[in-house]
Amino acid sequence: QYVTVIDSNGNYIRQLGTAGTSGTRDSRLKQPAGVAIDSAGNYWIADTGNDRVSEFDTTGTWKRTIGGNSTDTCAGYAVTSTTCGYVSGAACCAQTSSTCTCTGGGALTTQFNMSNNSQIFFDPTGYLWVLDGNNARIAKFDTSGAYQGTTTTSIPTYASGSARDSSGYLWLMLPGHGTCRLERCNADGSGCVSHSSCAAGNGAAGTFYITGDGDTDEVAVDSSGNIWVTDESNCRVQKYNPTADSW
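Residues numbered from 1 in each chain as written. Predicted model: local features only at pLDDT ≥ 70, side-chain atom pairs only at ≥ 80, totals over all residues. Heavy atoms only, no water.

Now for the confidence of the model for the protein chain. Chain-level statistics for the protein chain give a pLDDT mean of 74 and a share of 68% at 70 or above. Across the protein chain, the element-wise mean pLDDT spans from 41 in strand β7 (residues 86-88) up to 90 in strand β4 (residues 43-47). Confidence drops under a pLDDT of 50 for residues 70-92, and excluding neighbours within four residues, the segment shows 64 contacts in the predicted structure. Residue range residues 94-100 is modelled with pLDDT below 50. Its contacts to residues more than four positions away, or to other chains, number 18 contacts. (pLDDT = per-residue confidence, 0-100. Helix = DSSP H or I, 4+ residues; strand = E, 2+ residues; numbered from the N terminus. Contact = heavy atoms within 4.5 Å.)

Here is the structure:
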């Protein structure tokens, strides 16, 4: 499984991941979902089936992986000058291009333990945020893979999309479970206020038709501060202007 990169005219550029394969080694992906690009042009992919995030450089070459899950023996990691993803006392695991070497065992530390990490985004200051659905949080990392913290208020586990604006507000899309809410929350995930509602069929702007567990996935913030939300069941993308409080 892999991700295809195309230009604005639809021309093929490159692929990220190994075609025709899935798995945990290096560039292999399993059920890739969200994609984000940092200021240097590197690609970051939410490798949802492996409960991790993988980074590829501008040529499509695999660079690093952060995350994993608590049952992994040595699948997730993040190496910086002072820490890595697996730590147990003095034990630590680090990985080069194809070899993962562990000393003294080591278990995945809580901050790197991901589950259903379906969406990722970079905030205006360049930090990577990972919507870690089953752990009810959004975790923050720098571009070296070092853990920087997380939202302190629990995020609904069914949140499908997230983004952060230039003022630091967190935007969440909460489809399914009887809700169709685009919410603006404080930076820590608290104080959420809804800015949308449900409607059957092709509803008016600002309403979403939700089937099953929800069909609205992505949320993005443009340079003018507008919020864009995919509305899959209505086959459209909706735009919300927070300043005017209007769709």
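Moving on from the model shown.
Core analysis: the largest hydrophobic core is formed by 12 residues, namely Ala36, Trp44, Ala46, Val53, Ile66, Met114, Ile120, Phe122, Leu128, Val130, Ala139 and Phe141. Where this core is concerned, the elements lending two or more residues are β4, β10 (117-122), β11 (128-132) and β12 (137-141). Ignoring sequence-local partners within four residues, the contact set of Ala139 consists of Leu128, Trp129, Val130, Tyr147, Gly149 and Thr150. Counting residues in hydrophobic clusters, the runner-up holds 10 residues, among them Leu131, Ala159, Leu174 and Cys185. (Core = buried A, V, L, I, M, F, W, Y, C linked by side-chain atoms within 4.5 Å. Buried < 20%, exposed > 50% of the residue type's maximum accessible area, 1.4 Å probe, protein only.)

Attention now moves to the sheet that holds strand β13 (residues 147-150). Across the sheet, which stays open at both edges, the 4 strands sit in the order β10-β11-β12-β13 with antiparallel pairing between neighbours. Lying at the two open borders of the sheet, with one neighbouring strand each, are β10 and β13. Here the average twist between neighbouring strands, direction ignored, is 25 degrees. Pairing geometry for β11 and β12, over 5 bridges, is antiparallel. (Pairing = 2+ DSSP bridges. Axes fitted to C-alpha atoms, helices over the stretch in contact; angles between N-to-C directions.)

Take the pairing of β10 next. With 6 of 6 residues buried, β10 lies mostly within the body of the structure. Where β10 meets β11, 5 bridges bridge the pair, whose relative direction is antiparallel. Across the sheet, residue Phe122 finds its bridge partner in β11, namely Leu128.

Another point: the state of the cysteines. Following the criterion strictly, the structure yields 1 disulfide and no others. Covalent S-S linkage joins Cys185 and Cys192, the inter-sulfur distance amounting to 2.1 Å. Sign of the S-S torsion, about 110 degrees for the bond between Cys185 and Cys192, identifies this disulfide as right-handed. (Disulfide = S-S within 2.5 Å.)

Turning our eyes to something else, we now look at the layout of surface pockets. When its volume is computed, the largest pocket comes out at roughly 420 Å³. In terms of lining, the largest pocket is formed by 25 residues, of which the most central are Ala163, Arg164, Ala220, Val221 and Asp222. For the lining of the largest pocket, the secondary-structure elements that each account for two or more residues are β3 (32-37), β10, β14 (161-164) and β20 (219-221). Looking at which element gives the most residues to the lining of the largest pocket, the answer is β10, with 4 residues. (1 Å grid on protein atoms, 1.4 Å probe; cavity = no way out; pocket = protein on both sides within 12 Å on 5 of 7 lines; lining within 4 Å. Points joined across faces, edges and corners; volume = space filled by probe spheres on them.)

Across all of its chains, the model carries 4 aromatic pairs by this definition. Ring geometry for Tyr240 and Trp247: centres 5.0 Å apart, planes at 45 degrees, overall tilted. Residue class for Tyr240 comes out buried when judged on its relative accessible area of 1%. Relative accessible area serves as the criterion here: at 28%, Trp247 is assigned to the partly exposed category. Three or more aromatic residues link up through ring pairs in this structure, and these residues are Trp171, Tyr240 and Trp247. Between Arg164 and the ring centre of Trp129, over which it is positioned, the NZ or CZ distance is 3.9 Å. (Phe/Tyr/Trp six-rings, centres within 6.5 Å; stacked < 30°, edge-to-face > 60°. Lys NZ or Arg CZ within 6 Å of the ring centre and 35° of its normal.)

Let us look at the side chain of Arg52. In this fold, Arg52 is placed in strand β5 (residues 52-56). Polar side-chain contacts of Arg52 include one of 2.8 Å to the side chain of Asp47. (Polar contact = N/O pair within 3.5 Å; in protein donor to acceptor, adjacent residues only side chain to side chain.)

Here we have 3 strands laid out as an open sheet, ordered β20-β21-β22, and antiparallel in their pairing. With partners counted over all chains shown, the strands left at the sheet margins are β20 and β22 (236-240), one partner each. The mean inter-strand angle of the sheet, taken between neighbouring strand axes irrespective of direction, is 25 degrees. In this sheet, β22 lies alongside strand β21 (residues 227-231) in antiparallel orientation, the contact comprising 5 bridges. Residue Trp228 lies in a different strand from β22, and its bridge partner there is Lys239.

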